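The residues making up each chain are set out below.
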Amino acid sequence: MQLSEHLNLAEVTRSETAKRKGISNMPTPEHLENFKNLAINIFEPIRKHFGKPIHISSGYRSKQLNTAIGGSLTSQHCSGEAIDIDMDGSANGITNKQVFDYIKQYLNFDQLIWEFGTSANPDWVHVSYKTNGKQRKQILKAVKQGGKTSYTPYV
């Protein structure tokens with residue numbers, strides 16, 4: 001099932017953990033609509049800007065899958081409103097930092113997170129888009145402190 005011109009359902013529901021543990025990772029009809037909005041407002045503009053395939057490392061997470069991986073109880077991945085993009089290692093030369101900077105400068109988003117990595121490049125980019133309500137345009141940086149993840153404002 002196509003969610004948009006360049007994004008299909010299989011890409012946003014793929015999960016090795018779900019496969020290994022026999023967990024269903026199919027979104028509800030409401031969550032599918034959320035993903036379509038995210039695809040149109042976030043994914044497609046990124047894809048069109050760079051003109052190359054964009055790799056999603058994490059998309060939809062059913063509540064059971066989210067629990068299995070230790071995800072946040074309020075994760076927007078569980079409502080079909082968030083994706084993680086990881087371009088490192090792709091042959092097309094696009095970096096995670098380039099994706100992060102493009103989203104930050106040009107797109108309307110709810111949350112944008114520089115996920116770990118270095119000061120030069122995040123390990124991956126988390127971006128969310130709310131179907132209902134105002135986009136917060138919240139920009140954060142995820143860091144490990146004492147073995148736990150914490151989020152600080154991105155500056």
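Conventions used here
- Residues numbered from 1 in each chain as written.
- Predicted model: local features only at pLDDT ≥ 70, side-chain atom pairs only at ≥ 80, totals over all residues.
- Heavy atoms only, no water.
- Helix = DSSP H or I, 4+ residues; strand = E, 2+ residues; numbered from the N terminus.
- Rg over C-alpha atoms; globule rule 2.2 N^0.38 Å.
- Buried < 20%, exposed > 50% of the residue type's maximum accessible area, 1.4 Å probe, protein only.
- Contact = heavy atoms within 4.5 Å.
- Areas by Shrake-Rupley, 256 points an atom, 1.4 Å probe, with all protein chains shown as cover.
- Lys, Arg positive; Asp, Glu negative; His and termini not counted.
- Charge placed at Lys NZ, Arg CZ, Asp CG, Glu CD.
- Arc of directions from axis to C-beta.
- Core = buried A, V, L, I, M, F, W, Y, C linked by side-chain atoms within 4.5 Å.
- Pairing = 2+ DSSP bridges.
- Salt bridge = Lys/Arg side-chain N within 4 Å of Asp/Glu carboxyl O.

Draft legend 1. Expanded view of the overall build of the protein chain. When you go through the protein chain residue by residue, the secondary structure sums to 5 helices and 6 strands. The linear arrangement of helices and strands in the protein chain, starting from the amino end, is α-α-α-β-α-β-α-β-β-β-β. Expected size for 155 residues packed as a compact globule is a radius of gyration near 15 Å; at 15 Å, the protein chain falls within 12% of this value. Seen along its three principal axes, the alpha-carbon backbone of the protein chain occupies a region of about 40 × 35 × 35 Å. Residues classed as buried in the protein chain amount to 47% of the 155 residues present. When contacts within the protein chain are restricted to residue pairs at least 6 apart in sequence, long-range pairs at least 24 apart make up 63% of them. Summing over all exposed atoms, the protein chain offers an accessible surface of approximately 8,100 Å²; the carbon and sulfur share of this is 52%. Each charge class in the protein chain can be summarised by its mean position, and for the 19 positive and 14 negative side chains these summaries are 4 Å apart.

Draft legend 2. Spotlight on helix H5 (residues 96-106). Within the span of H5, buried status applies to Asn96, Val99, Phe100, Tyr102 and Ile103. The arc that holds every buried residue of H5, seen down its axis, measures 165 degrees, which confines them to one face. Turned more than 90 degrees from where H5 packs its buried face, Gln105 and Tyr106 sit exposed. Buried-residue contacts for H5 involve helix H3 (29-50), strand S2 (82-85), strand S3 (111-115), strand S4 (124-128) and strand S5 (138-145).

Draft legend 3. Representation of the nonpolar core in the model. Counting 31 residues, the largest nonpolar core has Ile46 and Ile103 as the members making the most contacts within it. Elements supplying a minimum of two residues to this core: helix H1 (9-13), H3, S2, H5, S3 and S4. Here the element with the most residues in this core is H3; it accounts for 8 residues. Other than its neighbours up to four places away in sequence, isoleucine 103 contacts Ile46, Phe109, Leu112, Val125 and Val127.

Draft legend 4. Here's a closer look at the pairing of S4. Burial runs high along S4: 4 of the 5 residues are buried. Judged from the 4 bridges that link them, S2 and S4 form a sheet pairing that is antiparallel. Residue pairing for S4: isoleucine 85 is matched across the bridge by valine 125. With 5 bridges connecting them, S3 and S4 associate as antiparallel partners. Bridge pairing links leucine 112 to valine 127 in S4.

Draft legend 5. The arrangement of the pattern of salt bridges in detail. For the coordinates displayed, the defined rule picks out 6 salt bridges. With its nearest N and O atoms 3.7 Å apart, the salt bridge here joins glutamate 5 to lysine 48. Of this pair, glutamate 5 sits in the segment before H1 while lysine 48 is found in helix H3, placing the two residues 43 residues apart along the sequence. Each member of the pair glutamate 5 and lysine 48 is classed as exposed. A salt bridge links glutamate 33 to lysine 36, with the nearest nitrogen and oxygen atoms 3.4 Å apart. Residue glutamate 33 and its partner lysine 36 are both found in helix H3; the two are separated by 3 residues, about one turn of the helix. Accessibility expressed as a relative area gives 43% for glutamate 33, which makes it partly exposed.

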